Amino acid sequence: MTTRLTVAQALVRFLAAQYTERDGARQRLISATWGIFGHGNVAGLGQALVEYADDMPFHQGRNEQSMVHAAVGYARQSNRLSTHAVTTSIGPGATNLVTGAALATINHLPVLLLPGDIFATRVADPVLQQLEVPYAGDISVNDSLRPVSKYFDRVTRPEALIPAALQAMRVLTDPVETGAVTLALPQDVQAEAYDWPDEFFAERTWTVRRPGADPTELAEAVSAIRAAQRPLVVAGGGVHHSRAEEALAEFAAATGIPVASTQAGKGSLRHDHPQDVGAVGHTGTATANELARQADLVIGVGTRYTDFTTASGTLFEQQGVRFLNLNIAPYDGHKLAGRPLVADARSGLTELTEALQLHTHRVSGTYIDEYSLDKERWEQRVDACFEADEPDIRPTQAQVLGALDALADESDVIVNAAGSLPGDLHKLWRARSRDQYHLEYGYSCMGYEIPAAIGVKMAAPERNVWALVGDGTYLMMPTEIVTAVQEGIAIKLLLIQNHGYASIGGLSESVGGERFGTAYRYQSDDGTYTGAPLPVDLAANAASLGMRVLRAKTVRDLRAALAEARAADTPTCVYVETETADTVSGPPPAQAWWDVPVAETATRPSAVKARELYERHVSTRRRHL
């Protein structure tokens, strides 16, 4: 039996029938579609979404990049088991997807991209917004999505949709390969009819695998852990993707091995778990980083060891340190010349715990006492950063986080991605649940926070979802506030004004750049941006987009405004002005290095001094072989 439909109609019907299943739980794989329509998709996918509105919910976006961010936020909150599709027209609508696609792929988060494309038949050539390539007739701007997609196909014939759609679902549901998946859809093909086999529209359930460990690799891993005197777990985002938090907590409690976390892995253990020692790496805690420096075995669980985690190869400095990498991806399992344990994080941790319990293995009490005392000292430093002795003065950024930390409980989710906030949050925030800490730091994309918070709230409408946004990020992409207002998505926006790129300003100063071009100020006569602060009212801008805005001038005001926003059932913004960009944010300085190359030759004293310091740090780098 067959059914005659357009390519776009067939695709929408197909997507509505796709499901995932893991641990006995089944859910829609593509639960909704975001779209902005133009001539490249309005008559195809636009018409199909109207035709099958009962089967495929639709959300109207304002910016193509931000629609991808919303889908990614939804996918992460849904444990990668459900996501959204995003459709755009051709030309700028399609190229606006590239940044969002890169973010999704780098963070191993599934999203389906459906950009319109130029005519497959070439009857209208060049079509509006078409990039002509003299040396190749089959290239369009959509090809810019190839390097940032885990799977890419251009559907130039109706019958080609069947294998392309099936391959797309395979990649979206593969825990190793998942990321952005792109099906480029020529606008003429979208509207072309075809007799589709009815089997194409039958419900399909894609099982998300939990592979266990190879017995030989497991035995070698157990031997390595038993031989270690000062082991340390580095928990990455794979712990969350696998829902392995409980398994990690059992492993840590049984063995006494301390657990540090990357940005993606923070919250793998609650902050008050005895074995949680906080963040690791350049934005880490003194406790975790000192343990990392002295560790003889580093047990990476679901981490890809970015330069922030390894302090650009300078953190794990103990002579003879070795790495044991539990990772579902063999590529990451072999990093740092580590011993791979290729398995799902939850399956692998469970198997490790059971095997070690046979030997009643546990680290020494002296080691446990040491890191427990260090953890207490760090918590005292956090308390000091959060404390505000004078509640009627303007808060520091750390005090802003402290006010929110005092208010939050397990139901709150904080979303952030870029600026000075990620470093402060990684060091200071006390994660109370497995999914409270939502930091996108794989791509650290400015503009992610507001649309991602919308996606998170869609996936978990019962949760309090906070988008923590600095002024630099806000100016990049505030427009999805309109979407939140339109659809009644009650996100909370904490908007922090410090008049510039605070994070990069500090980095610029440390590498001899003298904060050049990082403050939001008028230009001075010498061409530097050192004049008066710009008269920009971001709170008024948020209000003009339809959001309720609460202004806070002091710590006392801030506490009241945050409480009022948290109780609100409409999109609400808390606006607070903190320090200017040329002052520090308040938390302890970096506890480990990060490699940002400094000018090798310079005449300005700041750059000369920075280069001397840089060379001292570079000399401590090591390659683990």
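Residues numbered from 1 in each chain as written. Predicted model: local features only at pLDDT ≥ 70, side-chain atom pairs only at ≥ 80, totals over all residues. Heavy atoms only, no water.

Student: How should the packing of aromatic side chains be read in this particular structure?
Tutor: As enumerated under the stated definition, the model contains 12 aromatic pairs in all. Geometrically, the ring pair formed by Phe316 and Phe323 is edge-to-face, given 5.4 Å between the ring centres and 85° between the ring planes. Here the two residues Phe316 and Phe323 agree in accessibility, since each one is buried. Joined through ring pairs, the aromatic side chains of Phe14, Tyr194, Trp196, Phe200 and Phe201 make up one cluster. The cationic tip of Lys266 hangs over the ring face of Tyr437; the distance from NZ or CZ to the ring centre is 5.5 Å. The ring of Tyr575 has Arg551 sitting right over it, with the charged end atom 5.7 Å from the ring centre. (Phe/Tyr/Trp six-rings, centres within 6.5 Å; stacked < 30°, edge-to-face > 60°. Buried < 20%, exposed > 50% of the residue type's maximum accessible area, 1.4 Å probe, protein only. Lys NZ or Arg CZ within 6 Å of the ring centre and 35° of its normal.)

Student: Where do I start with the side chain of Gln77 in this structure?
Tutor: By the secondary structure assignment, Gln77 is in helix α3 (residues 64-77). When its relative accessible area of 13% is taken as the criterion, Gln77 is described as buried. Side-chain polar atoms of Gln77 contact the side chain of Asp435, separated by 2.9 Å. (Helix = DSSP H or I, 4+ residues; strand = E, 2+ residues; numbered from the N terminus. Polar contact = N/O pair within 3.5 Å; in protein donor to acceptor, adjacent residues only side chain to side chain.)

Student: Explain the pattern of salt bridges to me, please; I cannot follow it from the model alone.
Tutor: Pairing between side chains of opposite charge can happen when their charged atoms approach one another. For the structure shown, the criterion picks out 37 salt bridges. Here Arg270 ties to Glu410 by a salt bridge, and the two come within 2.8 Å at their closest N and O atoms. Taken together, the residues span a long stretch of sequence, with Arg270 in the loop between β13 (259-261) and β14 (276-279) and Glu410 in the loop between α16 (397-407) and β18 (412-416) at a distance of 140 residues. Under the relative-accessibility criterion, Arg270 is labelled partly exposed at 32%. The partner of Asp537 in a salt bridge is Arg551, with the nearest N and O atoms 2.9 Å apart. (Salt bridge = Lys/Arg side-chain N within 4 Å of Asp/Glu carboxyl O.)

Student: What is the right way to look at helix α14 (residues 345-357) in this model?
Tutor: It helps to recall that an α-helix has 3.6 residues per turn; residues three or four apart then point in one direction. Between its first and last C-alpha atoms α14 spans 18 Å; for 13 residues at 1.5 Å apiece the expected length is 18 Å, and the two agree. Along α14, the residues that are buried comprise Ala345, Ser347, Gly348, Leu349, Leu352, Thr353, Ala355 and Leu356. Contact partners of the buried residues in α14: α8 (215-227), α9 (237-241), α10 (245-255), β15 (297-301), β16 (322-327) and β17 (339-342). Near the N-terminus of α14, the side chain that reaches the backbone nitrogen of Arg346, with its oxygen 3.0 Å away, is that of Asp344. (Expected span 1.5 Å × (residues − 1). Contact = heavy atoms within 4.5 Å.)

Student: What am I meant to see in the environment of Glu203 here?
Tutor: Mapped onto the elements of the fold, Glu203 is located in the loop between β10 (193-197) and β11 (204-207). Taking C-alpha positions, Glu203 is 8.4 Å from Ala16, a pair spaced 187 residues apart along the chain. A polar contact is formed between the side chain of Glu203 and the side chain of Arg26, at a distance of 2.9 Å.

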